[in-house]
Amino acid sequence: MSSLFVLMLRLITFISVVALLCKCAPQKNTEYLDELESIHQWLSDQKVTIEGAQIWPNATDNPEQVSLSHSDGVTGKLVFYLQLYRETNNTSYLREATIAADYIMANLPQKTDSLQKVFWAFSPYGNVCGSAFALIETHKATDNANYLAGATHIIDVIQHFAVNKEDTISWGLGNDVLGGLAGTALFLLYAGENLERPDLIEMAEKAGETLLSRATKEVGLSWKRGQNGRFELPNFSHGAAGIGYFFARLYETTDNESYLDAALASNTYLESIAKTDNGVFLIPYGFPDPGWSRPHDIGWAHGPAGVARFYYQLFKMTGDEKWKGRERACLKGIMSSGIPNLPSSNDFGEDEFYLDNRFGIGSVASFLLDLEAKSEEEQTFQNELINHVMSKSVMQDNQLYWPQVRFSFMANAGDTTAFTGQFYGAAGYGMLLLKAQAKLNGTDFIRFVDDPY
């Protein structure tokens, strides 16, 4: 047999094997990638020059406002691009993430900053903890030690501003997940686990002891949003559902049964105030009621989409199926609301539901994507919500964005703008589509510090 013949035979065999492997290799679903590329194009077009860096403003109507925050600012866009890179392996998206990381590195919070009494200063959704989270995730993607050093620097700043470091630690009078102690401690748990830093876990435990000392203990455990305030907002972002979730996470990390007891006591309180008829589980918006427009809400912040996180975490910790049932009762409460259409009853007010990922339909769609073993009805509902979110977008010159009326608590309230961030803007809606894409492809999804799924 000639050497040429043998060579040809080997070549044919090689080509056949490659063809077979290509045929058998699973093909990635690309259902949302065109929309995601259009979001990228729009975000790219919004960049402004700040101190020589090309970076995204928080919103189009105020191009000079650039924050580092996860909720509205640079870190939220960074995480969007990291996930987009995971889904596509397109290094241009990773480059966008590192541009954001480099901007954070050039603007790291310092021990000399006036942070102690700044609202949301140590919130995981704010500039400090959020930036450290983003740098740790960028280090995972790039193995660039500089980003890890930047995250470590931020953690040193967080430790520097802690009050009562040797006892019941705190960073202010806020108690909640969104802006207070429970949220800071959730970041510390994330950082302690990812960086193998037991000292950060110990700080989170001290935060837990502070929260126990601040709790109202009349029926189970409950908390005011701010310790010297008068309002109690008991859902996930500001109250017992979110703080109970923190205690369940603290138990997961430490195996200290007292923290599971605290989580269960939070549930005792929630059960005492919940609406449970017809199989729903709905927590009131807040107390004392100064005229909230909705007795019950739907989203991550003040509704069942957030509360369900607490119950899924309890299920993970205990294996008790009743908590899965409670998670489903949260969903049933959402489905009773009438979304995405107008509210079905006065229980949910009269105004149309918000679209965003903090209060609104976006956060509910994200919850549906995480829900396991969905029925056909639930799957249809999920798809309806995603389609509704997309129906509110604007496509112009192959750029995709979402116009948004500014909320009453914002500057320039009532004006229409287009936000770029996670809570109200293109990066957040992009993350919703990326989660849907990741579910189709089995891709790992970047989870923020308060996400149990």
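These numbers were taken from a predicted model, which means no experiment stands behind them.

Draft legend 1. The pattern of salt bridges, seen in detail. Counted by the stated rule, this structure contains 19 salt bridges. A salt bridge links R225 to D176, with the nearest nitrogen and oxygen atoms 3.5 Å apart. Residue R225 is found in the loop between helix 8 (198–214) and helix 9 (240–254), and its partner D176 is found in the loop between helix 6 (145–160) and helix 7 (181–195); the two are separated by 49 residues along the sequence. With relative accessibility at 2%, the residue D176 sits in the buried group.

Draft legend 2. Spotlight on helix 9. The terminal C-alpha atoms of helix 9, which comprises 15 residues, lie 21 Å apart, in line with the 21 Å expected from a rise of 1.5 Å per residue. Of all the 15 residues making up helix 9, 12 are buried; the element is thus mostly covered by neighbouring parts of the structure. Along helix 9, the positions that sit buried rather than exposed are A240, A241, G242, I243, G244, Y245, F246, F247, A248, R249, L250 and Y251. Downstream of helix 9 by one or two residues, D255 has phi in the positive range, about 60°.

Draft legend 3. Local environment of empty space enclosed by the protein. For the coordinates displayed, the defined rule picks out one cavity of 30 Å³ or more. Reported here for the largest cavity is a volume of approximately 460 Å³. Around the largest cavity sit 25 residues that line it, and R309, N357, S366, Q422 and K435 are the ones nearest its centre. Counting only elements with at least two residues in the lining of the largest cavity, the list comes to helix 11 (304–318), helix 13 (361–370) and helix 15 (426–441).

Draft legend 4. Region of interest: the nonpolar core. Counting 145 residues, the largest nonpolar core has F80, W171, F187 and F247 as its most contacted members. Not counting the four nearest positions on each side in its chain, F187 is found in contact with C129, A132, F133, I155, I158 and V449.

Draft legend 5. Main features of unusual backbone geometry. In this structure, the amide linkage connecting F287 to the following residue, P288, adopts the cis form with an omega of -15°. Mapped onto the elements of the fold, P288 is located in the loop between helix 10 (257–273) and helix 11. Omega for the bond connecting I339 with P340 falls within 30 degrees of zero, at 5°, which places this linkage in the cis form. Checked against the element boundaries, P340 lands in the loop between helix 12 (321–335) and helix 13. In this model, D397 sits at a positive phi of 55°, which is unusual for a non-glycine residue.

Draft legend 6. Fine view of the environment of A132. Residue position: A132 is located in helix 5 (residues 128–142). In this structure A132 comes out as buried when scored by relative accessible area, which is 0%. When the C-alpha atoms of A132 and P63 are compared, they prove to be 24 Å apart, with 69 residues separating the residues in sequence. Other than its neighbours up to four places away in sequence, A132 contacts A151, I154 and F187.

Parameters and conventions
- Residues numbered from 1 in each chain as written.
- Predicted model: local features only at pLDDT ≥ 70, side-chain atom pairs only at ≥ 80, totals over all residues.
- Heavy atoms only, no water.
- Salt bridge = Lys/Arg side-chain N within 4 Å of Asp/Glu carboxyl O.
- Helix = DSSP H or I, 4+ residues; strand = E, 2+ residues; numbered from the N terminus.
- Buried < 20%, exposed > 50% of the residue type's maximum accessible area, 1.4 Å probe, protein only.
- Expected span 1.5 Å × (residues − 1).
- 1 Å grid on protein atoms, 1.4 Å probe; cavity = no way out; pocket = protein on both sides within 12 Å on 5 of 7 lines; lining within 4 Å.
- Points joined across faces, edges and corners; volume = space filled by probe spheres on them.
- Core = buried A, V, L, I, M, F, W, Y, C linked by side-chain atoms within 4.5 Å.
- Contact = heavy atoms within 4.5 Å.

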